[in-house]
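Chain by chain, the residues run as shown.
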Amino acid sequence: MNYIVSGYFLAYHNGHKEYIKSVEKLLKDEDNLLIIVNNGYQQILKYGKCVRSPVDIINEMEKDFPNAIFLVSSSFDRTINNDLEKLWGTFVKDGGEYNENNLPEAKTCKKYGIKMLFLNNNKIASSSKILGLEK
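Residues numbered from 1 in each chain as written. Predicted model: local features only at pLDDT ≥ 70, side-chain atom pairs only at ≥ 80, totals over all residues. Heavy atoms only, no water.

### What to know about the pattern of salt bridges
Here is step 1 of the chain: Inspection of the entire model under this criterion finds three salt bridges.
Here is step 2 of the chain: We note a salt bridge from arginine 52 to glutamate 60, for which the minimum N-O separation is 2.5 Å.
Here is step 3 of the chain: Its salt-bridge partner being glutamate 100, residue lysine 110 comes within 3.7 Å of it at the nearest N-O pair. Highlighted residues: lysine 110 in helix H5 (residues 106-112) and glutamate 100 in the loop between strand S4 (90-93) and H5, separated in sequence by ten residues.
Here is step 4 of the chain: Of the residues examined, lysine 110 reaches a relative accessible area of 52% and is grouped as exposed.
Here is step 5 of the chain: For glutamate 100, a relative accessible area of 43% puts it in the partly exposed group. (Salt bridge = Lys/Arg side-chain N within 4 Å of Asp/Glu carboxyl O. Helix = DSSP H or I, 4+ residues; strand = E, 2+ residues; numbered from the N terminus. Buried < 20%, exposed > 50% of the residue type's maximum accessible area, 1.4 Å probe, protein only.)

### Side note on unusual backbone geometry
Here is step 1 of the chain: One non-glycine residue, phenylalanine 9, adopts positive backbone phi at about 55 degrees.
Here is step 2 of the chain: Secondary-structure assignment places phenylalanine 9 in the loop between strand S1 (2-7) and helix H1 (14-24).
Here is step 3 of the chain: On the accessibility criterion, phenylalanine 9 (3% relative accessible area) is buried.

In short, the description is geometric, and any link to function would need to be established separately.
If you want it as structure tokens, here you go:
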């Protein structure tokens with residue numbers, strides 16, 4: 001089974017680590033943790049500029065999650081729909097802000113049989129706030 005998480009992870013912080021560690025706890029021996037980092041174009045769509053190289057973000061995150069499989073999103077909108085079309089498993093979202101009715105990737109998940117899991121961890125930090133990028 002693949003467990004898929006995604007995010008911009010621009011100011012990689014303890015909230016991100018807790019989110020991913022809570023997904024790691026779900027893994028069994030044969031399972032994979034896939035971490036999709038949004039690409040530079042997606043950053044431009046969201047923030048008006050590429051804030052940080054996805055490769056730099058991955059290099060930082062690999063220290064905490066050395067067994068994860070990291071991918072840079074291949075999507076050209078603010079979703080990871082293009083990536084999900086090529087994967088299988090369970091897509092895990094965190095922070096309590098998403099559900100099946102408002103998750104932008106829900107339709108793609110349903111179409112391709114990707115399970116969705118919504119964690120209710122408290123959002124303890126925000127990259128946008130930390131970097132002063134909130135709109």
